[in-house]
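Results of the structural survey
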Amino acid sequence: MPLIAARTQLSPNVTRLDVIAPRIAEIRQPGQFVIVRRAAGAERIPLTIADADRHTGIIVLVIQAVGKSTRELVALQPGEAIQDISGPLGRPTELIAAGRALCIGGGVGTAVVHPIAQGLQRRGVRVVSVIGGRSREWVIFEEELRRLGEVLVCTDDGSYGRKGFVTDVAREVLAAGGVNVVYAVGPVPMMRAVANLTRPLNVPTIVSLNPVMVDGTGMCGGCRVSVGGATKFACVDGPEFDGHQVDFDLLSDRLGTYRTYEQQALSCHEEACRAGLKN
Amino acid sequence: MKERLAIPRQSMPEQDATDRSRNFQEVNFGFPEQIAMLEAQRCLQCKEARCMAGCPVMVDIPRFIRFVAEGNFSAAAQSLLGDNALPAVTGRVCPQETQCEIECVRGVKGAPVAIGHLERFVADWARLQGAPAAEKSSPAGGRKVVVVGAGPAGLTAAGELVKSGHDVTIYEALHQPGGVLVYGIPEFRLPKKIVDQEVGRLQQAGVKIECNVVIGRTYTLPELRERFAAVFIANGAGLPVFMQVPGENLKGVYSANEYLTRVNLMAAYEFPNADTPVLLGKRVAVIGGGNVAMDSARTAKRLGAEESMIIYRRTLQEMPARAEEVHHAEQEGIRFEMLAAPVAVLGNPQRWVTGLKCVRMELGAPDASGRRSPTPIPNSEFTVACDVVVVAVGTRANPLLTATCPELKLTRRGNIAVDADGMTSLPGVFAGGDIVRGAATVILAMGDGKRAARAIQNYLAATPAKARRVVTPPLLVDKNAVRRSV
């Protein structure tokens, strides 16, 4: 079973797990993800591979703890194991070969943008990253992205970097011209806003979608999204798509399918925690 | 002889329909020993046993039944397990009524021998005894063979190949071996424990299974061909087909694959004790008429649906589902809405499913499949209220693996093309089960596995292991000669 080599708290509810998964570390490409099942009875969760090192065999997973499953996952400590990791899944990012790319990351999405920026930089593409969070402690992967190019930071409350949304900063970068492509990953409203910003400018925009998934191999169809009016399976046709063609309303709507169940699972979990049955 | 003919077909004891429609425990209890022996005595031990010809894996049916009749269950088990890698599975899910039992001479006047029930009896007897693992054959002459997919076809092929001494590894994409046996077929028809035990027996016999390996992603087919002497592809037909009607992306519309995977593989029926949820519909409409549709409708009922219905565009007579499944579904109170085809899924402003708009069908002339083809009756639209829709109208071939190997010849539908032995267009690469057939049955997949295993053995025998790269011995240099040439 894949062992956890290191665990780092990146922001109040975002945790980085370095996991030993040599085959995946060896062949993963930007944009690809894994499906993780923490233990027997746990959910299968899709997580983008934020980074990897083929020499140490380590892959980096960045997890926002929102529900029971993600909370249990981030509670794992170095030396403990994750029961199942399968991958790498999904199509690799379509990277441009030259020019200048704008990478936009919102919250935990910044970790998903990172491997894309990495791939671009390796190809000699100039990378400008615009990343943001609610406030200073929510900004992640800044240092990693700085190694790959210019980074502009903003926070909703102005506690770090510029005050405002990533779209505000991105608008200025785009206005200055010379951006060949935009990669944007973050909450659905952010990706929608970026797509709306770049559409009139005709700047190709790629977004990474995170619908509900089960198997991750195209078998269940739970992750279906609508792109350009056609139904696609994010796990095998994506997870990255042309942001100008994505039906974000449908995505955000379908993400709410299990909201009441998630709340129920979480409250059962919290009750069990209080009773001292779980940590 | 007369006495034997006088014995009536013994019926399978089963859970009461009302009770079972509210739980996930197995419907059938299985034959007690005395009943099994009685039923076995009904077999006439035909010399030319037609039942065997009807069996895709060619189980020697009269032989194991004879042992049961004699009360020699261990001999029966040995006989059956020698022919069939997964008898506890096939004894439960095979459509015996259209395969072995339909050929039984006892069926000419009266009821055929209950071959399936007897198979299940013997397999369960063996499981409870902790059947001795098939002895590991010596690995001498064994070659490395890889099987893609731990479903019925892959498990069968692997079982056959280790028996003949090969070193077999199965790569499974999901976290648990079994394929459709664990993600598709519900607990109440085939308990997971039974699949685990059958898989465990194969592992004891030497089959290595590695889960979470997705061929086409983790490794490609060309990589497997490099590392193994032969490849058997049995990765199933894993791409769900939707109806292509408006409203299909509303919340509450599932593919049968997703619905059943959530409930079976991920145990959503135990939520919140298991972490994966499934929407608990009050009124569940299942579209389709196959076994998967029956499984979905019966699952919905067990999850607490007040009404669970099958919507099918033909009639009960044309339904491809097994008779036993339809019968059980009827007993459990599943509603059958026949001659109806959905034209749209209806939803509320919050985009939850509220119903199905259907059109009434009538049956016209027989089509290519020999079944009368349904055509819509004009102005016959009607609405069915429901809050969950499960689409069980079939699957297509998953292109994940085949996309990594463009030289592999496919059929027009994207299935892998094979010859009579199950060999693909690539030498040493074989395929079987649903990736070749499209959606079929467990036993046909197992038959493919068995046939491919034989073909792989022949192939390996005909292509000796790659000779070690011949190392050229260092040239014996005649120093004098060198000197001379200088």
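Residues numbered from 1 in each chain as written. Chains lettered and ligands numbered in written order. Predicted model: local features only at pLDDT ≥ 70, side-chain atom pairs only at ≥ 80, totals over all residues.

1. A short note on the domain arrangement of chain B
Residue and element names in this part refer to chain B. Rule in force here: An automatic or database domain assignment supplies the start and end points of every domain. Residue polarity is assigned by list, with Asp, Glu, Lys and Arg as charged and Ala, Val, Leu, Ile, Met, Phe, Trp, Tyr, Cys and Pro as nonpolar; anything else, Gly included, falls into the polar class.
Annotation of chain B at the domain level lists domain 1 (2-129), domain 2 (144-238 + 397-462) and domain 3 (242-395). Here the C-alpha centroids of domain 1 and domain 3 sit 32 Å apart. Across the side of domain 1 that touches domain 3, the residue classes break down as four nonpolar, two polar and three charged.

2. Quick notes on the pairing of strand β8 (residues 307-312) of chain B
Residue and element names in this part refer to chain B. The line we're drawing: To assign burial, the other C-beta atoms lying within 10 Å of each residue's own C-beta are counted, with C-beta atoms placed from the backbone; 20 or more indicates buried, 12 or fewer indicates exposed, and intermediate counts indicate partly exposed. Strands are runs of DSSP state E lasting at least 2 residues, helices are runs of H or I lasting at least 4, and numbering of each runs from the N terminus. Strands are treated as partners if at least two bridges between them are detected by DSSP. Crossover handedness is defined here as right-handed if the route from the first strand over the helix to the second strand goes clockwise, with the strands pointing away from the viewer.
Of all six residues in β8, five are buried, a share of seventy percent or more. Sheet analysis places strand β7 (residues 283-287) next to β8, joined by five bridges and oriented parallel. Note on β8: the bridge partner recorded for V284 is S308. Between β7 and its parallel partner β8, the chain crosses via helix α14 (residues 291-302), and the hand of that crossover is right-handed. In this sheet, strand β9 (residues 335-338) lies alongside β8 in parallel orientation, the contact comprising four bridges.

3. Comments concerning the nonpolar core
To keep it simple, the criterion reads: Think of a nonpolar core as buried Ala, Val, Leu, Ile, Met, Phe, Trp, Tyr and Cys residues chained together by C-beta atoms that fall within 7 Å. Once C-beta atoms are placed from the backbone, any two residues with those atoms within 7 Å are in contact.
By size, the foremost hydrophobic cluster in this structure holds 230 residues, and its most contacted members are I104 of chain A together with V122, F232, V286, V389 and I456 of chain B. At 11 residues, the largest contribution of residues to this core is made by helix α18 (residues 442-462) of chain B. Sequence-distant contacts of V389 of chain B, that is, excluding residues within four places in its chain, are made with G252, V253, A285, I287, V345, V353 and L356 of chain B.

4. A closer look at the packing of helix α5 (residues 61-69) of chain B against helix α8 (residues 115-129) of chain B
A pair of packed helices can be characterised by two numbers: the angle between their axes and the separation between those axes. Residue and element names in this part refer to chain B. The condition is simple: Whenever a helix is involved, its axis is fitted only over the stretch in contact; in every case the axis is a line through C-alpha atoms, and angles between N-to-C directions fall within 0 to 180 degrees. Two helices cross in a left-handed way if the nearer one is turned anticlockwise from the farther one by less than a right angle. They cross in a right-handed way if the turn is clockwise.
Contact geometry for α5 and α8: axes closest at 11 Å, N-to-C directions at 65 degrees. Relative to α8, the crossing made by α5 is left-handed. For the pair α5 and α8, contact is made by I61, F64, I65 and V68 and by I115, L118 and V122, respectively. Tallied by class, the residues present in the contact of α5 with α8 amount to seven nonpolar, no polar and no charged.

5. Brief notes about the packing of helix α3 (residues 33-40) of chain B against α8 of chain B
Residue and element names in this part refer to chain B. The test is simple: To sort the angles, those under 35 degrees are grouped as roughly parallel, those over 145 as roughly antiparallel, those from 65 to 115 as roughly perpendicular, and the leftovers as oblique.
Relative to each other, α3 and α8 sit at 135 degrees, their axes nearing to 10 Å. With respect to α8, the axis of α3 lies oblique. When you trace α3 past α8, the crossing you get is left-handed. Contact residues: A36, E39 and A40 in α3; H117, L118 and F121 in α8. Residues of the contact of α3 with α8, tallied by class, amount to four nonpolar, one polar and one charged.

6. Here we look at helix α13 (residues 256-263) of chain B
Of all eight residues making up α13 of chain B, eight are buried, and the element is well covered by its neighbours. Residues of α13 of chain B that are buried sit in contact with α10 (180-183), β5 (239-240), β6 (253-255), α14, β14 (388-391) and β15 (395-396) of chain B.

7. Some words on the sheet that holds strand β15 (residues 240-242) of chain A
Residue and element names in this part refer to chain A. Reading across from one edge, β10-β9-β8-β7-β11-β12-β15 is the order of the seven strands in this open sheet, with mixed pairing throughout. Each edge of the open sheet carries a strand with a single partner, namely β10 (162-163) and β15. Inspection of the sheet shows strand β8 (residues 126-133) paired to strand β9 (residues 149-155) by seven bridges, in the parallel sense. In the strand pairing of β9, V130 is matched with L152. The strands touched by helix α5 (residues 166-175) within the sheet are β7 (100-106), β8, β9 and β10, with β8 carrying the most contacts at an inclination of about 155 degrees. Against the sheet, helix α6 (residues 188-198) engages β7, β11 (181-185) and β12 (205-208), with an angle of about 170 degrees to β12.

8. Comments concerning the interface of chain A and chain B
For an interface, size is often stated in terms of accessible area lost upon the parts coming together. Facing the 34 residues of chain A at the interface are 29 residues of chain B. For the side of chain A that touches chain B, the secondary-structure elements that each account for two or more residues are α2 (68-74), β6 (84-89), β13 (224-227), α8 (248-255) and α9 (259-274) of chain A. Considering every element that reaches the side of chain A that touches chain B, the biggest residue donor is β6 of chain A, with six residues. For the side of chain A that touches chain B, the residue count by class is 13 nonpolar, 12 polar and nine charged.

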